[in-house]
Structure formats: C-alpha cells, structure tokens
Amino acid sequence: MFDSFLRTVTERLDVLGVSSSLGLWFTAGFSGILTLLFYRWYTESLPGWHGAPVHENYTLRDASDPWIINCRDPATGQSLGQARANTPEEVRAAVAKARMAQTHWKRTTFAQRRAVLKSLLNFIVEHQEEICRVACRDTGKTPMDAELGEILVTCEKLRWTINYGEKALKTESRATGIITMHKYALVEYLPLGVVSALVSWNYPFHNTFNPIISAIFAGNGIVVKTSEHVAWSVPYWASIIHECLRAHGHDPDLVQFVCGFGETGDALVRSGVDKVTFIGSPSVGKMVMRAASDSLTPCVLELGGKDCAILCADANLDQALQLLMRGVFQNCGQNCIGIERIIVHRDCYDKFVAMLSKKVAGLKMGAPLDETDVDCGAMTMGMEASSMSWQSRVPDMVDEAVQKGARLLHGGTQYSSSKYPHGQYMAPTLLVDVTTEMQVANEELFAPVMLVLPCDSDEDALRIANSTPYGLGSSIFTRNIARGHDMAQRLRAGMCNINDFAVNYLCQSLPFGGVGDSGFDRFGGVEGLRGNCLVRSMTVDRFPSLVQTGIPPVLQYPTRGAATAAAFCGKLVRMVYADSWLEKARSALGLATSA
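Residue indices follow the written sequence of each chain, beginning from 1 at its first position. Since the coordinates come from a predicted model, pLDDT governs what is reported: local features require at least 70, and pairs of side-chain atoms require 80 or more to be given and counted, while whole-chain, interface and lining totals use all residues. Neither water nor hydrogens contribute to the side-chain values; these are computed over all heavy atoms in the structure.

In the annotation of an unreviewed UniProt entry, the entry for the protein chain reads Aldehyde/histidinol dehydrogenase, and the organism field reads Thamnocephalis sphaerospora. UniProt positions are given in the numbering used here, feature names are shortened, and annotations may be inferred rather than shown by experiment. Here the protein chain is described in UniProt, under the heading Sequence similarities (unreviewed entry), as follows: "Belongs to the aldehyde dehydrogenase family."

Take the sheet that holds strand S9 (residues 299–302) next. Spatially, S7-S6-S5-S8-S9-S19 is the arrangement adopted by the 6 strands of the open sheet, whose pairing is mixed. Pairing within the sheet leaves two strands with one partner each, and these edge strands are strand S7 (255–260) and strand S19 (519–520). Strand pairing is assigned whenever DSSP detects at least two bridges linking the two strands. By definition, any uninterrupted DSSP run of H or I lasting at least four residues is a helix, any uninterrupted run of E lasting at least two residues is a strand, and each is numbered from the N terminus. Where S9 and S19 come together, 2 bridges link them in antiparallel fashion. Across the sheet, the residue bridging to Leu301 is Phe520, located in S19. Sitting on the sheet, helix H8 (residues 204–217) is in contact with strand S5 (194–198), strand S6 (221–227) and S7, with an inclination near 170° to S6. Any two residues whose heavy atoms approach within 4.5 Å at even a single point are treated as in contact. Every axis corresponds to a line fitted to the C-alpha atoms, with the helix fit spanning only the stretch in contact, and the corresponding angles, defined between N-to-C directions, vary from 0 to 180 degrees.

The subject of this paragraph is the sheet that holds strand S11 (residues 339–345). With mixed pairing, 7 strands are arranged side by side in an open sheet as S12-S15-S16-S11-S10-S17-S18. A single partner strand is all that each edge strand has here, and the edge strands are strand S12 (407–410) and strand S18 (497–498). Where helix H15 (residues 458–465) meets the sheet, its contacts fall on strand S10 (307–311), S11 and strand S16 (449–455), and the angle it forms with S16 comes to roughly 140°.

Tracing the backbone shows Thr226 in strand S6. Leave out the neighbours within four places in its chain, and Thr226 touches Val199, Thr208, Val234, Phe257, Val258, Cys259 and Gly260.

Any two rings among Phe, Tyr and Trp, with Trp reduced to its six-membered ring, count as a pair given centres within 6.5 Å; such a pair is stacked if its planes are under 30 degrees apart, edge-to-face if over 60, and tilted if neither. Within this structure, the stated rule accounts for 9 aromatic pairs. Aromatic pair Trp201 and Phe446: ring centres 5.6 Å apart, planes at 85°, arrangement edge-to-face. Here Trp201, found in the loop between S5 and H8, pairs with Phe446, found in the loop between strand S15 (429–432) and S16; they are 245 residues apart in sequence, far enough to count as distant. Residue classification places Trp201 among the buried residues on the basis of a relative accessible area of 7%. To sort residues, take the accessible area from a 1.4 Å probe on protein chains only and compare it with the maximum for the residue type: under 20% means buried, over 50% means exposed, and anything in between is partly exposed. By relative accessible area, which is 7% here, Phe446 ends up buried. Ring plane angle 80° and centroid distance 5.0 Å describe the contact between Tyr236 and Trp237, whose orientation is recorded as edge-to-face. Assessed through its relative accessible area of 2%, Tyr236 is described here as buried. A network of ring pairs unites the aromatic residues Phe205, Phe209, Tyr236 and Trp237 as a single cluster.

Structure follows, in structure tokens:
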C-alpha cells in the first residue's frame, strides 16, 4: 500500500519537475504529501533565493511564442521560469471535467463539504508562512501585507462558511397568503452547476480561494482563471485544494485552474459555465459582460474603486492616522478597496497633512523577501514606459496635478533600487491640495499614492466623495456616530465603515461589492453564497390527503360565462383584501351562493 502511495506521489513530483529522491524526506499524512508537492515553490520562495537569472529585457508574453508566459519576481527581476497559457480548447476541456465531477459532488452533504473546508483551513494555518512567501515572490508584496490580505481574510471566509454556510443554504419556509394557506411556501438553494471566476493578480492566494470556497460549499464545480501576472504560483494553489479534495475521497477535477491572456478569459466566459465572477478593471469588465450576454450568462463584476475617507472636523486624528496609512499603502496601493482619496475638513487639514507627511517620509521600500523592515514592496504589473498598465501612467498624472496646483510632498516617481535595478517600484507618494478637476482624483491609481483633498463642510465632503463614477468602499471619521451614519446614507458606495477602514471585509457575513464603475452584484456573506445557487421557489400541500387545490365550477373551462367568472373573482378579491369586515362578510356570502 505504501509503495503504491509513494509511486503516486512520485508521479506528481515528476509532473511538477521535482526530484523523486525527495521521497526520502516524506512525512506520512496529508501535510507530508503537500510538503513534497510544494518543494519547488518552497525553495524558490525562501528569503535570499537567487537561483535564476534576472530578466534583462522582460516581456510578460514571450516574443517567440504568444502562448508562453514569462514569470518573474517583480521585486528583484529574477526569472521564475515560464508557464503555458491555456488555449480555448483546454478551457472547454477544463469546464467539461469540472461538470463531470460536479455530478457527484452536488450529492454530497453539508457535513462532507465542511470537512473539506476544515482541512483547507487547517492547512492554511499550519503553512501560512510558506503561502505568504509564495505570494510575496510572485507579486513583490511584503509578508505583513500577505498575512493580512491573503491569510487572515481567507481564514475568516472559511470560518464563516464552515459555521454559517449551511444555515444560509438550507431550504427556507416563507409566509403564504389566505388563498394559499393550504400550502407550504419554500425557497430552495440548489447548485448552479459549474461556475467560473476570473480573478485579479493583487491577492493571488485569496482571490483564488475566495470564489472556490463559496462555489464548492454550494455544491458547484468551478473553473478559476488566474492572472497571467501571477502564473508561477498557480500550480501551488491548485495542489492545495486538489489534495484537500483527494484526502476526503472526492474528485479533484471539481476545481479547475486555467491561466492566460485575454483569449483564455474570453474562452472561459463563452464556455457554457453557469455564472461568471470577474475581478478587475471596468474596461475589461465591460468586455466580460458583452461576451457573457451572448449566452445570457449571469455575471458578478467587481471592478475596483476610488474609495474615499472623509475626516470630519471632529475626527480623532490620531486614531485615523494609522488606519489611513494602512488604507493607502497596504499592498503598495494595489488594493481594490484601498483608500485613494482622503477628504479632510479645513479645520484640521494642515495638522493632519503634517502628521501624514512625517509618516510617509519614514516608509522604506525594497524587496520584501530579501531586505529587512520593508514597508512597501514592488509593483506587480509593469512600471516600464512601454507598459500598457495604468501604474506606468501614475507619475504623469501626479505631474499634471502639480501643474494644476497640487503640492507634492513625497515621492511621485518610480523608485530605482540600487540592489535590484530590474525590480519595479514606485516611491510612496503624498500629494496634497488635490481637487476634483485633476485626473489623479478621478482615475483609479492602484499605486502607493496618498491624495489629500480639503473640504469646507460635510456637504462639501460628500460632493467630493460622490464626484467619481466609482462607488465601492468608503470611510467616515467622526466622534459623532449619528453624524457619520447620516453622511453614510448620502454616500454613493456599496460599503461604508465609520471610524475604520475595510473592516467590513473581515465581517464575512457582509456582502461585498459596489455601484457604478465599481460593478454590481455581490460576493461574500449570505448574499454571495446564495449567488452560487439556483434560487428555486416551491409550494407543497400542507395536508395532501385532506386539502388540495381545486378550481371552483364557476371558473372551470369551458366557463359558464365570462361576466359570471369575473364577478366571482371580484368577490374573492373583496373577501380577502377589503378593509371593511362587513364588506368581507358580504363578499364571502356572495361567493358561497355563486360557487
């Protein structure tokens, strides 16, 4: 039995390019299998690893083969090898595999699904450092940003789903009216089949597992299209969930992974999946929606934001300071619900700008796995002038704002690392006296840029806050909770936190999403979990042997006469809905004599 098991492990190691001699290191159990499977990623993610050359003239898409993805560490420029983008044919095959596996999975119990999620949660807790290092190597983020944005939120998603998911998806009883009082009215939450998720690169671990958790707990198969910018880590994530499923005797084909460029994503949207979740930019989101409309495939679009934080005149500045530093510079600003605009009342504006300036000046940049005490890591997408990414345009937008009157107190340019000249960085930036007429105040930056805008009143703050087409998250800082709640009611945003930043995402009972250019529909919470389901209405007889629905003779086909039938229906409506009890009684008597 052990020999058979070891052969299986060896075969998987061979597929991953890991030496079979590592079998000597094997420690029995689920965790041991994963240790072997993950050896390559474990090694390359170790601090100080320099086992590969630097990409001198890097292009994400290989010049010699458009289906090859060049992987690299954006913090050091080191090559992480190559990955092959999936073709449309491979995408359709992945959907077919997931659909086949889902025919069995949909018959599993909630207890069986919880068992898989519990194993996943246990593995994440035990191996969080390795997971963080892999995410850091692929994106350039810091370990602290990975712990907060990859591990903590994923564990909380799992905890909530394990504890409350079954309650959210159990068949519900709904109230009936007088006419249907002989029925049970029910709502069932049934698996859709195979859903898909096209996820962004900024949180490669969490963005991958977030839709998987909800999809499989609801009884679905899922195909995840990961970003080509983080293709190196995809096999690592895939092995985690596949081994969790195998360990409990389930088909790992239930969860499929594809990776590639626009052709791969378009093929997935058009593949016949039962729902699409897309996380990315508004421009690509519109393309996804157009492609999905051909087959009327429903979509969840999470398209980023231009989130604001409003500091009222009575705000606790000391409390707000560190929250907003985290809100802006978490993940080097590459955060869909990152704070992109800080709107400060003039009564405390100068004081707060001085406080911010002192903090921003002390931020240290560098390669997080290879240098110590790094606050801001690398930019995952290209910062080179030839790049089509929006980050490459950020310095130009900062310059335009300065020309129109903004003051640049720190940063504003790309940062050149003397130790890693091929890494891609942007200096932490503080730009103040920004106005709504400036481009930098209206376009999502996804960069470590802190914008500060003055306001004269609560009304002025709301005008500024609502001046962009985005509407994802928001924050209001005030000592008067009633005031904050009143202002929140007038914000055009899908989420709001009073005296906090993004804490709503740690409350996994809450739905997540926005309005306008930030997209629509929700993931997270009861709403997000049920969004993975066919919501079906049911009626069932309460007393099938005693009372069943029948059609009164006066309404049976062929009718005794249209006028008589209509008069009968009119009396029925009056009996049930009239305000006067006398009218109800008169109508009931009329029904009894005319039935």
